[in-house]
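So the chains spell out like this:
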Amino acid sequence: MHTDIEFADADDQFTTTTNTDLTMTDSTNNSKTRDLDKLLLRQGHLVGPNFEPGTELRDDLKEYARILVVGAGGLGCELLKDLALSGFRNLEVIDMDRIEVSNLNRQFLFRLEDVGKPKAEVAAKRVMERVSGVNIVPHFCRIEDKEIDFYSDFNIIVLGLDSVEARSYINSVACGFLEYDSDDKPKEETIKPMVDGGTEGFKGHARVIIPGVTPCFECTIWLFPPQVKFPLCTLAETPRTAAHCIEYAHLIKWDEVHSGKAFDPDNPDHMQWVYNEALKRAELFGIPGVTYSFTQGVVKNIIPAIASTNAIISAACTLETLKIASGCSKTLSNYMTYNGVEGLHIEVTEFVKEKDCLVCGPGVLIELDPSVTLKEFIGLIEEHPKLHMSKVSVSHEGNHLYMQVPPVLEEMTRPNLTQPLFDLMGQISKDTLRVTGMKGKNGKSSTSRKLRAVFKGVDDEMAGAA
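In short, a report on the structure. (Residues numbered from 1 in each chain as written. Predicted model: local features only at pLDDT ≥ 70, side-chain atom pairs only at ≥ 80, totals over all residues. Heavy atoms only, no water.)

1. Some thoughts on the pattern of salt bridges
Then, in step 1: The final tally for this structure, using the stated rule, is 16 salt bridges.
Then, in step 2: One salt bridge connects Glu-129 with Lys-125, and the closest N-O pair in it is separated by 2.8 Å. With a gap of four residues between them, Glu-129 and Lys-125 both fall in helix 6 (residues 119-130), about one helical turn apart.
Then, in step 3: When its relative accessible area of 48% is taken as the criterion, Glu-129 is described as partly exposed.
Then, in step 4: Among the salt bridges present, the one from Arg-434 reaches Asp-149, with a minimum N-O distance of 3.8 Å. Taken together, the positions of Arg-434 in strand 12 (residues 430-439) and Asp-149 in helix 7 (residues 148-152) put the pair 285 residues apart, joining distant regions of the chain.
Then, in step 5: Among the charged side chains, a salt-bridge network with shared partners connects Asp-114, Lys-117, Lys-125, Arg-126 and Glu-129. (Salt bridge = Lys/Arg side-chain N within 4 Å of Asp/Glu carboxyl O. Helix = DSSP H or I, 4+ residues; strand = E, 2+ residues; numbered from the N terminus. Buried < 20%, exposed > 50% of the residue type's maximum accessible area, 1.4 Å probe, protein only.)

Below, the structure is given as structure tokens:
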């Protein structure tokens, strides 16, 4: 059952005034803006070094801050609503899923008549209907379908995802923009902040990821428990649970029937086939509990969520986004966990960045001869034991040296393959390169890495003279 929730009118919420020393008496008179004004219109003991309170800051957030919300499910719906009501006017949301009946109990922006429609499009439409002045651009596609440069246009990326794999991909993209100086210190202008939220039942977390400064997702990947795996003999001979039946259809039956055809968990037809086969298996052994939504959860390792936890975690993520964008307070340091199973427990833990992280660190060091061509360099990457990449594209300081796709860019950058990499990089002794491609030789998922290219026998003076 749904209750229509009235959102505050954002035009009333953000009234422009020329008096940057707005008194708290005036702010108190407008209850809709009171709490936000306390953060943006006055100084405090915990503000950032560049914080300048006033209505100009509030206007800049509306006009210039661009926020990407990744995921339009339970947490994503809350994030879009909270961000819109916190003064952010330029939002975009990306999600590849369509609305299902089972979503309606916690994804409050959706209605029964929306079933079958893209989540991103409906969520954007509903928030824009309720919050005047906000502009939300929806993207109904996989996160991997977007070019890497798409993500560079945003000031902050906010994650409302339900899978480890999707988080890992966005983390690698955001960290791929990071560049280090000659002292291995991150260049501030290349940092792409992320705010990550996650929920599981009555538990949840909110974290701030400042690439190069705080731990990235890969630095703390151990925080996520490994996916449960079942012995194949159990699946094939003695299934005891609904999950056993689903994994039998997914791991065993699919290959038997679709020899040589890869299973795509994002293809609705493939998922429906697995569900039907799992249901037959469950009926044969008298096992209850096989549903379509549970099949999705088992196959895609989706973490379940409930509405109240989503609301709490979204509020924390939105506040951290506002802190990063405005400097109105110090950000979370750097991982908050929430547990509402028995009573209420919130704890903040400051994790430490991994110095040699392959994703957010200065990058894998590769020593090269100045005569090495770009084509030879790509060959080295594909054979490098730490990278395991294929279909490699290479960029330097935002310039595409070689791009595998789209075809028009591949054709434009193809002549660079025969050129020495040293020349293409401006004849400097060392610098950071960004490479993108597929994981493994026959990989199906995208990845992004940074490499520190150092040219042997070339120092800074020689490079400058060259």
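Okay, back to it.
2. Some remarks on the pairing of strand 1 (residues 66-70)
Then, in step 1: With four of five residues buried, strand 1 lies mostly within the body of the structure.
Then, in step 2: As judged from the five bridges shared by strand 1 and strand 2 (residues 90-95), these two strands associate in the parallel manner. Residue pairing across strands places Ile-67 opposite Leu-91, the latter belonging to strand 2.
Then, in step 3: Note on the crossover from strand 1 through helix 5 (residues 74-85) to strand 2: the handedness is right-handed.
Then, in step 4: Of the pairings in the sheet, the one linking strand 1 to strand 4 (residues 156-159) comprises four bridges and is parallel in character. Each bridged residue has a counterpart across the sheet, and for Val-70 the counterpart in strand 4 is Leu-159. (Pairing = 2+ DSSP bridges. Right-handed = clockwise from strand over helix to strand, strands pointing away.)

3. Some thoughts on the packing of helix 5 against helix 13 (residues 307-326)
Then, in step 1: Look at helix 5 against helix 13: their axes get within 8 Å of each other, and the N-to-C directions meet at 45°. Judged by the inter-axis angle, helix 5 sits oblique to helix 13. Crossing of helix 5 over helix 13 shows right-handed handedness. Between helix 5, through Gly-74, Leu-75, Glu-78, Leu-79, Asp-82 and Leu-83, and helix 13, the contact on the second element is made entirely by Ala-307, Asn-310, Ala-311, Ile-313, Ser-314, Ala-315, Cys-317, Thr-318 and Thr-321. (Axes fitted to C-alpha atoms, helices over the stretch in contact; angles between N-to-C directions. Parallel < 35°, antiparallel > 145°, perpendicular 65-115°, else oblique. Left-handed = near helix turned anticlockwise from the far one by under 90°. Contact = heavy atoms within 4.5 Å.)

4. A word on the packing of aromatic side chains
Geometrically, a pair of aromatic rings is defined through the distance of the ring centres and the angle of the planes.
Then, in step 1: This structure, assessed with the given rule, holds eight aromatic pairs.
Then, in step 2: Taking 5.6 Å as the distance between ring centres and 80° as the angle between the ring planes, the aromatic pair formed by Trp-222 and Phe-351 counts as edge-to-face. Of the two residues, Trp-222 is situated in the loop between strand 6 (203-209) and helix 9 (232-237) and Phe-351 in the loop between strand 8 (345-349) and strand 9 (364-368); the sequence distance between them amounts to 129 residues.
Then, in step 3: The class for Phe-351 is buried, based on a relative accessible area of 19%.
Then, in step 4: Relative to Tyr-292, the ring of Tyr-275 lies with its centre 5.8 Å away and its plane at 85°, an arrangement referred to as edge-to-face. Note that Tyr-275 is positioned in helix 11 (residues 268-285) and Tyr-292 in helix 12 (residues 292-300), a separation of 17 residues in sequence.
Then, in step 5: The exposure class of Tyr-275 is buried, given its relative accessible area of 17%.
Then, in step 6: Put simply, the rings of Phe-150, Tyr-151 and Phe-154 pair up and form one aromatic cluster.
Then, in step 7: One Lys or Arg, Lys-192, reaches over the ring of Phe-177 and ends 5.6 Å from the middle of that ring. (Phe/Tyr/Trp six-rings, centres within 6.5 Å; stacked < 30°, edge-to-face > 60°. Lys NZ or Arg CZ within 6 Å of the ring centre and 35° of its normal.)

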